[in-house]
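# Per-entry structural report
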Amino acid sequence: MPLGAARLEEQLDEALDPVLSSRRTARTLALALAPLARELQDFVLHWVGVIARTSGELAYQFAAIAPDVMRKVEPVAAEAWIIHAMDTFDREGLYRGSAVLKDIDSFVAASRHQAHAVAFEDARNVLELFICGLAGRRLKLEIAGEAYTDTETIHLPARIFEHASGAGNFLAYKALATHLWAQTRYGTFNVDVVDKLASYTDPARALALYHYLETTRIDAIIARDLPGLARELATLRQHVEPPAECGRLRDTAASAADSLALVDQLYATFNPPHLSYMGTLHPEIVATVRAARMRREKKELQFELAKMLPERPAADATPDDGEARPRYSVINADAVDGVELTLDGTPVTLPEHVNDLLQSISQDLGEIPDEYLTPAADGDYRDNHAAEDPADAIEQGPHDEDGAVLYNEWDYKRRHYRKNWCVLREVDVQPGNPDFIDTTLARYAVQVGQLRRTFEMLRGEDKWLKKQQGGDDIDLDAVITAFADMRSGMELPERLFQQRHKAERDIAVMFMVDMSGSTKGWINDAERESLVMLCEALEVLGDRYAIYGFSGITRKRCEIFRIKRFTDRYNDTVRRRIAGILPQDYTRMGVAIRHLTALLNAVDARTKLLITLSDGKPDDYSDNYRGEYGIEDTRQALIEAHRGGIHPFCITIDREAREYLPRMYGAVNYTVIEDVARLPLKVADVYRRLTT
Amino acid sequence: MSKPLQSKVAALTSQTAPTARMVEREPYYEAAGDEIAVFEAAYASQIPVLLKGPTGCGKTRFVEYMAWRLKRPLITVSCHDDLTAADLIGRYLITNNETVWVDGPLAHAVRCGGICYLDEIVEARKDTTVVIHPLADDRRILPMEKHGELLHAPKEFLLAMSYNPGYQSVLKELKQSTRQRFIGIEFNYPPAALEKKIIIAETNIAPDSADQLIRLAEMTRNLKGNGLDEGASTRLLIHAGKLIAKGIPARTACTGAVAEALTDDPDMLRAINELANSLF
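Residues numbered from 1 in each chain as written. Chains lettered and ligands numbered in written order. Predicted model: local features only at pLDDT ≥ 70, side-chain atom pairs only at ≥ 80, totals over all residues.

Another point: the overall build of chain B. Across its full length, chain B holds 13 helices and 9 strands. Here chain B holds 280 residues, and 43% of them are scored as buried. Nonlocal contacts in chain B, meaning residues at least 24 apart in sequence, comprise 71% of its contacts between residues at least 6 apart. (Helix = DSSP H or I, 4+ residues; strand = E, 2+ residues; numbered from the N terminus. Buried ≥ 20, exposed ≤ 12 C-beta atoms within 10 Å, placed from the backbone. Contact = placed C-beta atoms within 7 Å.)

Looking only at helices and strands, one finds 25 helices and 19 strands in chain A. Per-residue burial over chain A gives 37% buried out of 692 residues. Partitioning the intrachain contacts of chain A with sequence separation of at least 6 by distance along the chain shows that 70% fall at a separation of at least 24.

Attention now moves to the sheet that holds strand E15 (residues 544–552) of chain A. Sheet strands associate in pairs through backbone hydrogen bonding, adopting either a parallel or an antiparallel arrangement. Residue and element names in this part refer to chain A. Pairing within the open sheet is mixed, and its 8 strands lie in the order E9-E10-E16-E15-E14-E17-E18-E19. The sheet terminates laterally at strand E9 (405–411) and strand E19 (670–672), the two strands that pair on one side only. Geometrically, the sheet is characterised by an average inter-axis angle of 25° between neighbouring strands, direction not taken into account. Bridge count between E9 and strand E10 (residues 416–428): 6 bridges; the pairing is antiparallel. Directly across from Leu406, in E10, lies its bridge partner Val423. (Pairing = 2+ DSSP bridges. Axes fitted to C-alpha atoms, helices over the stretch in contact; angles between N-to-C directions.)

A separate point is the confidence of the model for chain A. Residue and element names in this part refer to chain A. Mean pLDDT for chain A: 81, with 90% of residues reaching 70 or above. Within the model, the stretch residues 313–323 combines pLDDT values under 50 with 1 contact to residues more than four positions away or in other chains. For the stretch residues 379–399, pLDDT sits under 50, and the model shows 22 contacts to residues farther than four places along the chain or on other chains. (pLDDT = per-residue confidence, 0-100.)

Backbone geometry follows two general trends: most residues other than glycine have a negative phi, and most peptide bonds adopt the trans configuration. Not every positive phi belongs to a glycine, and Lys467 of chain A is a case in point at roughly 50°. Its location among the elements puts Lys467 of chain A in strand E11 (residues 462–468). Its 17 C-beta neighbours within 10 Å are what place Lys467 of chain A among the partly exposed residues. Residues other than glycine seldom take positive phi values, yet Lys71 of chain B does so here, at roughly 55°.

Here the focus is the confidence of the model for chain B. Residue and element names in this part refer to chain B. Scored by pLDDT, chain B has a mean of 87; 92% of the residues are at 70 or more. Predicted confidence is poor over residues 1–17, with pLDDT under 50, and the contacts of this stretch with residues over four places away or in other chains come to 14 contacts. Interface predicted TM-score (ipTM) for the complex: 0.77; the corresponding pTM is 0.65.

A word on helix H9 (residues 192–203) of chain B. Residues and elements named next belong to chain B. Counted at 1.5 Å a residue, the expected span for H9 with its 12 residues is 16 Å, and the 16 Å between its end C-alpha atoms agrees. Of all the positions in H9, only Glu195, Ile198, Ile199 and Thr203 are classed as buried. Down the axis of H9, the buried side of the element spans an arc of 100°, and every buried residue falls inside it. Of the surrounding secondary structure, the elements contacted by the buried residues of H9 are helix H10 (207–222) and helix H11 (234–245). Of the residues one or two after H9, Asn204 is the one with positive phi, at around 65°. (Expected span 1.5 Å × (residues − 1). Arc of directions from axis to C-beta.)

As a further point, take the nonpolar core. Core analysis: the largest hydrophobic core is formed by 86 residues, its most contacted members being Tyr173 of chain A together with Leu216, Ala240, Cys254 and Val258 of chain B. Counting residues per element, this core draws most heavily on helix H9 (residues 166–185) of chain A, which supplies 10 residues. Leaving out residues up to four positions away in the same chain, Leu216 of chain B has contacts with Ala232, Cys254, Val258, Leu275, Ala276 and Leu279 of chain B. With 70 residues, the next largest nonpolar core counts Leu451, Ala508, Ala537 and Cys650 of chain A among its residues. (Core = buried A, V, L, I, M, F, W, Y, C linked by C-beta atoms within 7 Å.)

Residue and element names in this part refer to chain B. The interhelical angle for the contact between H10 and helix H12 (residues 250–262), taken along N-to-C directions, is 30°, at an axis separation of 12 Å. Regarding the angle of H10 to H12, the classification is roughly parallel. The two elements H10 and H12 cross, and the hand of that crossing is right-handed. Across the interface between the two elements, Ser209, Leu216 and Thr220 of H10 pack against Ala250, Cys254, Val258 and Leu262 of H12. Classifying every residue of the contact of H10 with H12 gives 5 nonpolar, 2 polar and no charged. (Parallel < 35°, antiparallel > 145°, perpendicular 65-115°, else oblique. Left-handed = near helix turned anticlockwise from the far one by under 90°. Nonpolar A, V, L, I, M, F, W, Y, C, P; charged D, E, K, R; others polar.)

All names here are of chain A. Topologically, Ala117 is positioned in the loop between helix H7 (104–114) and strand E1 (118–119). As for Ala117 and Phe170, which are separated by 53 residues in sequence, their C-alpha atoms are 8.5 Å apart. Those residues in contact with Ala117 that lie beyond four places of it in its chain are Arg159, Ile160, Phe161 and Asn169.

Taken together, the contact between chain A and chain B spans 33 residues of the former and 35 residues of the latter. Broken down by secondary-structure element, the contributors of at least two residues to the side of chain A that touches chain B are helix H8 (120–133), helix H12 (227–234), helix H19 (476–487), strand E17 (607–614) and helix H25 (679–690) of chain A. Its residues assigned to classes, the side of chain A that touches chain B shows 19 nonpolar, 9 polar and 5 charged.

In this section: the pairing of strand E7 (residues 340–343) of chain A. Residue and element names in this part refer to chain A. Relative to strand E8 (residues 346–348), E7 is paired through 3 bridges, and the arrangement is antiparallel. In the sheet register, Leu341 faces E8, and the bridge partner there is Val348. With antiparallel pairing between neighbouring strands as the criterion, E7 and E8 make up a hairpin whose turn holds 2 residues, including Asp344 at a positive phi of roughly 50°.

Residues and elements named next belong to chain B. The parallel open sheet is built from 5 strands, whose spatial order is E2-E5-E8-E1-E9. Bordering the open sheet on either side are strand E2 (74–78) and strand E9 (183–186), each of which pairs with just one other strand. Ignoring which end each strand starts from, the neighbouring axes of this sheet average 20° apart. Relative to strand E8 (residues 158–163), strand E5 (residues 115–119) runs parallel, the two sharing 4 bridges. Within E8, the position partnered with Tyr117 by the bridge is Ala160. Against the sheet, helix H2 (residues 35–44) touches strand E1 (49–52), E8 and E9, its axis set at about 165° to E9. Here helix H3 (residues 59–70) sits on the sheet and contacts E1, E2, E5 and E8; the angle it forms with E5, its principal contact strand, is near 175°.

Here we come to helix H22 (residues 589–601) of chain A. Residue and element names in this part refer to chain A. For H22, spanning 13 residues, the distance from its first C-alpha to its last is 18 Å, which sits close to the expected 18 Å at 1.5 Å a residue. Along H22, 10 of the 13 residues are buried, which leaves the element largely enclosed by surrounding structure. When H22 is considered as a whole, its buried residues turn out to be Met589, Gly590, Val591, Ala592, Ile593, Arg594, His595, Leu596, Thr597 and Leu600.

Residue and element names in this part refer to chain A. With respect to the helices, strands and loops of the structure, Val19 is situated in the loop between helix H1 (5–16) and helix H2 (27–33). For the pair formed by Val19 and Ala52, sequence separation is 33 residues and the distance between their alpha carbons is 9.6 Å. Contact partners of Val19, with chain neighbours within four places excluded, come to Gly56, Glu57 and Tyr60.

Let us look at the packing of H1 of chain A against helix H4 (residues 56–72) of chain A. Residues and elements named next belong to chain A. Direction vectors running N to C along H1 and H4 enclose 155°, while the axes themselves pass 10 Å from each other. Between H1 and H4, the angle falls in the class roughly antiparallel. Residues Leu12, Ala15 and Leu16 of H1 form the contact with H4, whose own contacting residues are Gly56, Ala59, Tyr60 and Ala63.

Turning our attention to the environment of His501 of chain A. Its location among the elements puts His501 of chain A in strand E13 (residues 497–502). When the C-alpha atoms of His501 of chain A and Gly471 of chain A are compared, they prove to be 9.9 Å apart, with 30 residues separating the residues in sequence.

Set out below in structure tokens:
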């Protein structure tokens, strides 16, 4: 039985008293509510009471709009809407709160779509690969409040739910990401946006206009280069046609400068609309990032070019040869096949990372300026750390060399070993908290299951052993041969059977884990998680394996941490040691490789692997190990290992690794994992690929 | 001998000797560099040839082309890890109660002065690979112990083999003692203009579609090392082109011929499909 108007008025009066007046009474509200069903009336009254405790005004507005809303919307949806309005009020005040209340329609529409919302985490992997495939400088994807790019990272919102389907919302993500990628790829920031737009009376308006014009220009480029994507984007364009003056932006030769010129022309007359896939433009952030990158890349390029110079005979190396210095020049700046360089007229083949560098520079500047092509003068690029305190306390201090092993180290300048240069000790890892293992196994339960299955399949590769004295089946080939032999007068051989036999994977693998200080934090976590997953997989496979960590400080205190020896079983102690792996000091890699090579050499196996998990270049405190010396020593240590029949391989998370790892490990003997979070899943996978 | 065994033996003995194949029609081949000249010089100097390169970039086609050009029979052996030395050299079989020696493909190629092409040589076991050693240096002989015969290779005979150095497996490396007997010719995906010409010649698709396919290939090659072991090869592009020429919508063709052929990883599959969709 619905309540009558009078009874409703009474209750509303009580709840809304503070905001009522002689001109604003509860009477009209009550009359509108009266025709509703009793449950709905109770619902409204209940919420009027609740909202009134927060804000009387908001409650009044709710009461006014409620009869209408309750006819359209289920109470459950209405409740979500009320809560949302109250949240907004708490955060942003009455004005925004009542705006949310009044905008019930779009709230209902959005909530209907919530079921189809796409979260950043779901779209991230695909989009990252998509953007990587589109070429240009490598860009990271990050979550942020608004969509924008700083030319090195693309920031995207946490969720998109404006569209009525998952595919629509994913498309919205893709459209945003593509446009932000295109801004860096096609030079939106290659003109001095900040300065140029500052001269307008309303720089924000000028920026919005510039942004719109650039979007129009990029849309035209996408239509040319990625027609399929352009068709999809057209569905998002909301039928806004740019003004006629924008025609020239569709030209193949149009550039950001044209957009800037048009800002001037259209500033007074045209109100730019905001398209859903535009994101936001942050020219100041870009300017900072871009300037830093350009400085860095210029230095890097000059350094790389200097490295690529043919070695001059020593006598020739007089400092006054300014004129005679070899000159690089660009002959083909076509972005598609990469930049081609000549050195004094002869074309030079560029390593991949130098190519990337040139690409990135020409993306910023549209060309490679001549001053970038001047190779760094000798010494310019020498490591600045080299000269730091040679008299180091540890180096000087008295050292007990008992129980330590001495190793040679390769000095690339002398082209000779320094005899007994490094002092190395084996120590145990302090056992850590076993909870870490349980958490890891729980977190990756599904993947561990998959890994085990994959590795079981590897193990299960059966072989037929031919020409056996006894076995499961007759070896037909052997029988025929025997029969033929017998016919031709030879003795009948006895080995006529074949036997099924589990393939003998005669593999011993040594994992060498970087425990340097730089792994502190989530890299260390990822390393430990990787080891847990790897052990689970290797236990299934039955390959012999050992795990050692390495770190140290200076040549006098190199340390190898025992985590699992070849003879150790994968038991609780080992698990606790894995949990106990902690970042220590530096990365003197050569000596660690030499020691572990010696251990691996003592094992009898047909295939021996030395796999390094690392996060960066070889490095040590103060004594020149950083840089070329360390790289060359490591390379030498790896060559020694290789000579002994060991296959070295490196798994790294250092994005710059492509610059030095090919030199140390060879072109195919390493892999770079860009995303630390994926390390635990990848290490076992890499191992599987290596050994099948 | 039991009944089933007897029938098995009978089935085996009916096998005929591997026949060398003359390449009758000129295979379509576009030279990317001076590989034809190098191959011809190697052939003239009787030095075996090692073709290196990623899958689907034209190694096998090149050998067919050279066989046609030099007018020599071609014998191709696809190597696998069960390949025994006898599989290459030959064995005794029995017909009509008589033992008959049947040449293996390698011996056959030596006898008829053909080109023997060992495809994906690293897949063969190392002990098998060793039998080619005396044939691959200046002795140019093939000892057939079982048959009590020593074959001398005529000057028309050539040994060629292929392998993909991009494999990261430590179990699949070529021994130095093997590789150092060969002249190496490196293959890679052809430059865009040439690749376009090849795709159009092979599939008859419109130049525009060929351009798009090449863009797609570049995109997947950008992904190499970021989740893909290899980018799309020229062969995959030709497959996609053929599907398109048969009237399959381009997006479907790329999914089937490129994305599914490259990976099983769901995210990667989706990314490649998105890339293809952005082009077509």
